[in-house]
Amino acid sequence: MAIYSKDEAQALLKKVLSYSTADECAVSLNGRTTGNIRYARNSVSTAGAQNSVSLVVESRFGKRSGIATCNEFDDATLKRCVQRAEEIAKLAPESPEYVPLLGPQTYVSPPSTATTLLTAATRAQAAADSMNLCAAKNLTAAGFLDGGTRFQAIRNSKGLEAYQQSTNTDFSVTVRTADGRGSGYAIADVTDPAKLNAKALTQRAADKALGSVNAKAIEPGKYTVILEPAALMDGGDLSLLGGLMYGLDARSADEGRSFMTKKGGGNRKGEKLFDERVNIYSDPMNAEVPGSAFDGEGLPTKRLNWIEKGVVKQLYYSRFWAEKNKVAATAFPSGFIMAGGTQSTAELIKSTAKGILVTRLWYIREVDPQTLLYTGLTRDGTFYIENGTIKFPIKNLRFNESPIIMLNNIEAIGRPQRLAGCLIPPLKIRDFTFTSLSDAI
């Protein structure tokens, strides 16, 4: 049984806690039932399913803690897991950043998960639709489809109880021309797999692959760019917006290690660092991107305005750093929402006299954490825009840019789209810096 109900999960956790002799004990149970299919060169390479559940026990004696895990739940194994965590705790050094376990908390209830999930047959059909579309156009597809249900349950000796179940489906596809000179890409994730259209996404990638053949070289420099959502968030913390949001950490700022560090000490919370049109928040109750109700310690999530009208309103405070600074701790959210307008990417292109359309960025690396400077490369469809239309494909370019500068050079914000559990709009940015050409497709 990979997916436990709330009652089943809490009953198991309650039993585990009954075996504890530690000063404090926290137990978490995580499980998932997922299935996937992977294909390349228009042929399925792997397909499979996973049903797994695991238990984590943390035991504490004073400021010493130990952790043990198991995935079998007979009484003898559970007792041994607790015993092992306690043995480790007694050997461990005291933690200089110890904070007590949380007591009972109140949680929101994010929107319901999907009731119908992908089956092996529907996954196979989605892959077949994608491959057949490409084969008919003499194109080659490589894609991955993965989805299912997950749950997390937490209970501790201080009376905290938490449980949440969620569903998610992810799909990505890269399409290449037969001669390898053109490449396109599309990606999407959904809570309800009924909303996923793998064929339409593949068509988008195929159009970009066909359109990117015979790319021309242009001089590196500063250009107006339209960055599609995948160019902004695909890659988590190693993405332009992801790096920015993960960088809103109070401790690294206070310790002088980030772009949020204030000259002379402290942090820059409350300062206007971006264009006033920049508004980024998190909300576990958002219907399009429902989030986690709690973090790994059981701290409740809630709607938070991180950046409002260009002003940094919120920083992430761990429980230790919050206690040290006498402020409220922050549960880090599972996703972010950047408010946008109503324009589609196509409409942003129409409003552009000269510029570059960027489908995706990759090989992104942080150059300077103090200025949040990143470098990386475009890929899978980069196009020159003139007089509101795409004129020709261009060779890929290396960029050197900071999202801080980028979000001060906004010309337009498009309609947000779901990506990586977030809502991200396409952005039209002026003076985006490209430093060199790349021959890679």
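In this text, all values refer to a predicted model and were calculated from it rather than measured experimentally.

1. Side note on empty space enclosed by the protein
Which parts of space are left empty comes out when a probe the size of a water molecule is rolled across the atoms. Counting across every chain of the model gives 1 cavity of 30 Å³ or more. The space that makes up the largest cavity amounts to roughly 90 Å³. For the largest cavity, the lining is made up of 14 residues, of which S282, D283, P284, P333 and G335 are closest to its centre. Grouping the amino acids of the lining of the largest cavity by side-chain chemistry returns 5 nonpolar, 7 polar and 2 charged.

2. Details of the pattern of salt bridges
Counted under the stated rule, the structure contains 21 salt bridges. Of the charged contacts, one joins R84 and E87 as a salt bridge, the two residues approaching to 3.2 Å between their closest N and O atoms. Of this pair, R84 and E87 are both found in helix α2 (residues 75–91), 3 residues apart, which corresponds to roughly one turn of the helix. With its nearest N and O atoms 2.8 Å apart, the salt bridge here joins D179 to R181. By relative accessible area, which is 40% here, R181 ends up partly exposed. The network of salt bridges with common partners includes E24, E58, R60 and K158.

3. A look at the side chain of D275
Topologically, D275 is positioned in the loop between α7 (250–254) and β8 (280–282). Judged by relative accessible area, which is 15%, D275 ranks as buried. Among the polar contacts listed, one links the side chain of D275 to the backbone nitrogen of R277, at a separation of 2.7 Å. Ignoring anything within four residues of it in the chain, the contact list for D275 reads K309, G310, L407, N408 and I410.

4. As for the UniProt feature "domain: Metalloprotease TldD/E N-terminal" (unreviewed entry) in the protein
With numbering matched to this structure, UniProt assigns "domain: Metalloprotease TldD/E N-terminal" (unreviewed entry) to residues 26–89. The distance separating the terminal C-alpha atoms of residues 26–89 is 13 Å; by composition the span is 23% helix and 64% strand.

5. Digging into the pairing of strand β9 (residues 304–308)
Both β8 and β9 contribute to a ladder of 3 bridges, which runs antiparallel. When the sheet's bridge partners are listed, Y281 is paired in β9 with N305. Summarising the sheet, β9 and strand β10 (residues 311–312) pair through 2 bridges and their orientation is antiparallel. Paired with I307 across the two strands is V312, which belongs to β10.

6. Some remarks on the UniProt feature "domain: Metalloprotease TldD/E central" (unreviewed entry) in the protein
With numbering aligned to this structure, UniProt lists the feature "domain: Metalloprotease TldD/E central" (unreviewed entry) at residues 117–211. Spanning residues 117–211, this segment combines 33% helix with 45% strand, and its end C-alpha atoms are found 34 Å apart.

7. Thoughts on unusual backbone geometry
If you check the backbone angles, K309 has positive phi at about 50° while not being a glycine. Take K309: it is sitting in the loop between β9 and β10. We note that Y363 has phi near 50°; this positive angle belongs to a residue other than glycine. Checked against the element boundaries, Y363 lands in strand β12 (residues 354–368).

8. A few points about the layout of surface pockets
Counted as a void, the largest pocket has a volume near 850 Å³. Surrounding the largest pocket, 38 residues form its lining, S166, P290, G291, S292 and S334 being those nearest its centre. Broken down by secondary-structure element, the contributors of at least two residues to the lining of the largest pocket are β1 (24–40), β4 (139–156) and β5 (161–177). Ranked by residues supplied to the lining of the largest pocket, first place goes to β5 with 6 residues. By volume, the second largest pocket is sized at about 610 Å³. Taken together, 30 residues make up the lining of the second largest pocket; nearest its centre are A188, D189, V190, Q417 and R418. Elements with a contribution of two residues or more to the lining of the second largest pocket: β6 (183–190), α4 (198–211), α5 (229–233) and β17 (417–419). Ranked by the residues each element gives to the lining of the second largest pocket, the list is headed by β6, at 6 residues.

Parameters at a glance
- Residues numbered from 1 in each chain as written.
- Predicted model: local features only at pLDDT ≥ 70, side-chain atom pairs only at ≥ 80, totals over all residues.
- Heavy atoms only, no water.
- 1 Å grid on protein atoms, 1.4 Å probe; cavity = no way out; pocket = protein on both sides within 12 Å on 5 of 7 lines; lining within 4 Å.
- Points joined across faces, edges and corners; volume = space filled by probe spheres on them.
- Nonpolar A, V, L, I, M, F, W, Y, C, P; charged D, E, K, R; others polar.
- Salt bridge = Lys/Arg side-chain N within 4 Å of Asp/Glu carboxyl O.
- Helix = DSSP H or I, 4+ residues; strand = E, 2+ residues; numbered from the N terminus.
- Buried < 20%, exposed > 50% of the residue type's maximum accessible area, 1.4 Å probe, protein only.
- Polar contact = N/O pair within 3.5 Å; in protein donor to acceptor, adjacent residues only side chain to side chain.
- Contact = heavy atoms within 4.5 Å.
- UniProt positions renumbered as here; feature names shortened; annotations may be inferred.
- Pairing = 2+ DSSP bridges.

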